[in-house]
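Take a look at the letters that make up each chain.
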Amino acid sequence: MIQIRQIPKEELSKVQSIAHRTWPSTFANILSTEQIKYMLNWMYSLEMLEAQLEKGHTFLLAEEDGEELGFAGFELNYGEGPKAKLHKIYLLPEAQGKGAGKALILEVADRAKKSDQKSLLLNVNKYNQKAIDFYLRIGFQEIYKEVIDIGSGYMMDDVVMELNL
Ligand SMILES: CC(C)(COP(=O)(O)OP(=O)(O)OC[C@H]1O[C@@H](n2cnc3c(N)ncnc32)[C@H](O)[C@@H]1OP(=O)(O)O)[C@@H](O)C(=O)NCCC(=O)NCCS
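The shown structure was predicted, so the numbers you read here are calculated from the model rather than taken from an experiment.

Reading the values: rules and limits
Residues numbered from 1 in each chain as written. Predicted model: local features only at pLDDT ≥ 70, side-chain atom pairs only at ≥ 80, totals over all residues. Heavy atoms only, no water. Helix = DSSP H or I, 4+ residues; strand = E, 2+ residues; numbered from the N terminus. Rg over C-alpha atoms; globule rule 2.2 N^0.38 Å. Core = buried A, V, L, I, M, F, W, Y, C linked by side-chain atoms within 4.5 Å. Buried < 20%, exposed > 50% of the residue type's maximum accessible area, 1.4 Å probe, protein only. Contact = heavy atoms within 4.5 Å. Pairing = 2+ DSSP bridges. Axes fitted to C-alpha atoms, helices over the stretch in contact; angles between N-to-C directions. Near = heavy atom within 4 Å. Polar contact = N/O pair within 3.5 Å; in protein donor to acceptor, adjacent residues only side chain to side chain. Areas by Shrake-Rupley, 256 points an atom, 1.4 Å probe, with all protein chains shown as cover. Expected span 1.5 Å × (residues − 1). Bend = angle between axes of the 7 residues up to and from the residue. Salt bridge = Lys/Arg side-chain N within 4 Å of Asp/Glu carboxyl O.

It is not clear to me how the overall build of the chain should be interpreted in this structure. Could you clarify?
Across its full length, the chain carries 5 helices and 7 strands. Reading the secondary structure of the chain in the N-to-C direction produces β-α-α-α-β-β-β-α-β-α-β-β. At 15 Å, the chain has a C-alpha radius of gyration in line with the 15 Å of a compact globule built from 165 residues. When its C-alpha atoms are laid out on the principal axes, the chain stretches across 40 × 35 × 30 Å.

Teacher, can you tell me more about the nonpolar core here?
In summary, soluble globular proteins display a tendency toward joint burial of nonpolar side chains. Of all hydrophobic cores here, the largest spans 48 residues; its most connected members are W23, Y44, L86 and Y135. Setting aside residues no more than four positions away along its own chain, L86 makes contact with A72, G73, F74, I105, V108, L120, L121, L122 and Y135.

Explain the sheet that holds strand β6 (residues 141-151) to me, please; I cannot follow it from the model alone.
Each strand in a sheet pairs with its neighbour through backbone hydrogen bonds, running either in the same direction (parallel) or in the opposite one (antiparallel). The strand order across the open sheet built from 7 strands is β1-β2-β3-β4-β5-β7-β6, with neighbouring strands paired in mixed fashion. The sheet is open, and its two edges are formed by β1 (2-6) and β6, each paired on a single side. Taken over all neighbouring pairs, the strand axes of this sheet differ in orientation by 30° on average, direction set aside. Sheet topology note: the β6/strand β7 (residues 154-164) ladder contains 9 bridges and is antiparallel. What sits directly across from Q141, in β7, is E162.

What should I look at first to understand the side chain of K85 in this one?
Looking at the secondary structure, you find K85 in strand β4 (residues 83-91). Contact partners of K85, with chain neighbours within four places excluded, come to G73, F74, E75, Y78, L120, L121, L122 and N123.

Looking at this structure, I do not really get the site of the ligand. What am I missing?
In the vicinity of the ligand lie 20 residues, with L91, G97, G99, K102 and R137 positioned nearest. In this structure, K102 approaches the ligand through a side-chain N or O atom, which is 2.7 Å from an oxygen atom. Taking R137, its side chain carries an N or O atom lying 2.5 Å from an oxygen atom of the ligand. Alone, the ligand offers 940 Å² of accessible surface; in the complex the protein occludes 75% of this. Broken down by secondary-structure element, the contributors of at least two residues to the shell around the ligand are β4, α4 (100-114), β5 (119-125) and α5 (129-138).

Please explain the environment of A28 as it appears in this structure.
Positionally, A28 belongs in the loop between α1 (12-27) and α2 (33-43). Look at A28 and you get partly exposed, because its relative accessible area is 48%. Discounting chain neighbours no more than four positions away, the residues touching A28 are W23 and I36.

Any chance you could explain α1 here in plain terms?
Since one α-helical turn is 3.6 residues long, residues separated by three or four positions face the same way. An ideal rise of 1.5 Å per residue puts 22 Å on 16 residues; α1 measures up with 22 Å between its terminal C-alpha atoms. Along α1, the helix axis deviates most sharply at R21, where the bend reaches about 25°; the proline P24 sits within four residues downstream. Listing the buried residues of α1 in full gives L12, V15, I18, A19, T22, W23 and F27. Contact partners of the buried residues in α1: α2, α3 (46-54), β2 (58-64), β3 (67-79), β4 and β5.

For this particular structure, what's the right way to read the pattern of salt bridges?
In total, this model carries 11 salt bridges according to the counting rule given. Measuring nitrogen to oxygen at the nearest pair gives 3.1 Å for the salt bridge that ties R5 to E63. On the criterion of sequence distance, the pair formed by R5 in strand β1 and E63 in strand β2 is long-range, its members being 58 residues apart. Look at R5 and you get partly exposed, because its relative accessible area is 28%. Overall, E63 belongs to the buried group, its relative accessible area being 13%. For the salt bridge of E142 with K145, the shortest nitrogen-to-oxygen distance reads 3.0 Å. Under the relative-accessibility criterion, E142 is labelled partly exposed at 43%. One continuous salt-bridge network, built from bridges that share partners, spans R5, E11, K14 and E63.

Read these as spatial facts, not as claims about activity.
Below you can see the structure in the form of structure tokens.
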């Protein structure tokens, strides 16, 4: 049975480890190896994850029989409305397609709704069709596209999606 629990500061290295094991296959045909390395070192350093936790991000871990499957990270009151933001969701390659991604999103949506958030926003790379199809299946809608300059000559070419709560 899939179980979801909140990740405390002491276990943030699990988020880092899952990201490092999931990004290469997810972005192999989307981003260069250099950009994957740059983004992992920047977004998934323990300092960055701890700073996000202190800023109010919540990290959830999905597990089955004590084995970690993946994580989600989100923030309440990200936008006016108020709106929550799903910042990250990554399931280990061998754990994809088991319902854990959906379980994590439903838990985030439930927590956001209980905190009076009107919707849940997310950014997804516009070439990550598997993830876009998954979000559409859950009920998200595309609201606009955006290109974000993340420095060192790298860009994030994203679709912004929203789920009304
Ligand atoms: C995208 C991701 C989060 C989805 O989580 P998952 O655990 O694999 O998906 P689930 O098993 O929970 O699927 C939930 C539902 O979506 C459907 N679904 C999943 N992937 C789909 C796809 N590519 N196309 C259409 N439907 C899809 C499932 O069939 C299921 O439908 P159901 O509720 O009718 O049974 C996960 O595969 C993942 O981490 N991928 C790699 C990393 C990534 O791209 N993260 C997102 C970055 S923005």
